[in-house]
Amino acid sequence: MTSSAGIWMTSQAHDRLQTELQELLAQRHIEMPDEDSADYARSQALHSARQERIRRIHHLLSNALIGQNPPDDGIAEPGMVLTVRYDDTEQVETFLLAAREAEDHEMEVYSTQSPLGSAITGARPGERRIYHTPSGAIMAVTLLDAVPYALTAPGKARGQSSRDLPVRARPVTS
């Protein structure tokens, strides 16, 4: 999900991104060496990378849908833990469909913009989807299961209903 629909992320990812943003903003000034210095280009690159990361975090946070469960309807969408089978190898993989750069999990995270994420979004269990890898290979994958992220945590039972619907986060201010 992007911009108008929002970017689904866990509350932990939201908190981590806010902390990272505050730390980046606290570094008000990067000392730049003289233009003749060998370190000038490196310092310029670091400054540009920092500014780009600040812009990216602002975008993620201002469009965040914070850790709320999507409906437990089995449809692949952001905020769901998906189990898929790669049809050519029969290999099974489980991953979280979310903003990859926002999440920091032991579980693999695929974004809806990734080839697999965009192909599988909207699928129902048993549905087969085909997508192209960055190398150009054609892959077929079948959705086996889709469960809201919060229902995969220890102590949560599958089928436990969620009254919460995604809500847009407040815009970030610097």
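Our subject is the structure listed above.
Here's a quick rundown of the structure.

Quick notes on the rules
Residues numbered from 1 in each chain as written. Predicted model: local features only at pLDDT ≥ 70, side-chain atom pairs only at ≥ 80, totals over all residues. Heavy atoms only, no water. Helix = DSSP H or I, 4+ residues; strand = E, 2+ residues; numbered from the N terminus. Buried < 20%, exposed > 50% of the residue type's maximum accessible area, 1.4 Å probe, protein only. Contact = heavy atoms within 4.5 Å. Areas by Shrake-Rupley, 256 points an atom, 1.4 Å probe, with all protein chains shown as cover. Pairing = 2+ DSSP bridges. Axes fitted to C-alpha atoms, helices over the stretch in contact; angles between N-to-C directions. Core = buried A, V, L, I, M, F, W, Y, C linked by side-chain atoms within 4.5 Å. Expected span 1.5 Å × (residues − 1). Phe/Tyr/Trp six-rings, centres within 6.5 Å; stacked < 30°, edge-to-face > 60°.

The helix and strand inventory of the chain stands at three helices and seven strands. Sorting the 174 residues of the chain into buried and exposed places 39% on the buried side. The long-range share in the chain, meaning contacts at least 24 apart out of those at least 6 apart in sequence, stands at 59%. Carbon together with sulfur atoms contributes 49% to the accessible area of the chain, which is approximately 10100 Å² in total.

A large share of strand E7 (residues 138-148) lies buried, amounting to eight of its eleven residues. When strand E3 (residues 80-86) meets E7, the two strands line up antiparallel, connected through seven bridges. Bridging across to E7, Met80 finds its partner in Pro148. As paired strands, strand E6 (residues 128-132) and E7 are joined by five bridges and run antiparallel to one another. In the strand pairing of E7, Tyr131 is matched with Met139.

With that settled, the discussion passes to the sheet that holds E6. Here five strands make up an open sheet; going across it, the order is E5-E4-E3-E7-E6 and the pairing mixed. Here the strands that pair on one side only, and so sit at the sheet edges, are strand E5 (108-110) and E6. Taking each pair of neighbouring strands and ignoring which way they run, the sheet shows an average axis angle of 45 degrees. Bridging between strand E4 (residues 92-97) and E5 involves three bridges; their strand directions are parallel. Bridge assignment links Phe95 to a residue of E5, and that residue is Glu108.

Among the nonpolar cores identified, the biggest contains 17 residues, and Leu82, Tyr86, Leu116, Ile120 and Leu143 are the most heavily contacted of them. Residue assignment for this core shows that the elements contributing at least two residues are E3, E4, helix H3 (115-120) and E7. In this structure, Tyr86 is in contact with Gln91, Glu93, Tyr110, Leu116, Tyr131, Met139, Ala140 and Val141, ignoring residues within four places of it in sequence.

Okay, helix H2 (residues 40-62) next. With 23 residues, H2 should reach 33 Å at 1.5 Å per residue; the first-to-last C-alpha distance of 33 Å fits that figure. Residues of H2 that are buried include every one of Ser43, Arg50, Ile54, Ile57, Leu60 and Leu61, and no others. Tucked into the core, H2 has its buried residues touching strand E1 (7-9), helix H1 (11-26) and strand E2 (64-66).

Relative to the assigned elements, Ile54 resides in helix H2. Separated by 37 residues in the primary sequence, Ile54 and Leu17 have C-alpha atoms spaced 9.9 Å apart. Leaving out residues up to four positions away in the same chain, Ile54 has contacts with Leu21, Leu24 and Leu25.

Take the packing of aromatic side chains next. As enumerated under the stated definition, the model contains two aromatic pairs in all. Between the aromatic rings of Trp8 and Tyr149, the centroid separation amounts to 5.9 Å while the plane-to-plane angle is 70 degrees, which identifies the pairing as edge-to-face. With a gap of 141 residues between them, Trp8 in strand E1 and Tyr149 in the segment after E7 connect regions that are remote in the sequence. Residue class for Trp8 comes out buried when judged on its relative accessible area of 3%. Look at Phe95 and Tyr110: their rings are 4.5 Å apart centre to centre, the planes differ by 75 degrees, and that puts the pair in the edge-to-face class.

Here H1 contains 16 residues, and its C-alpha end-to-end distance of 22 Å stays within 8% of the 22 Å for a straight helix at 1.5 Å per residue. Lining the buried residues of H1 we find E1, H2 and E2.

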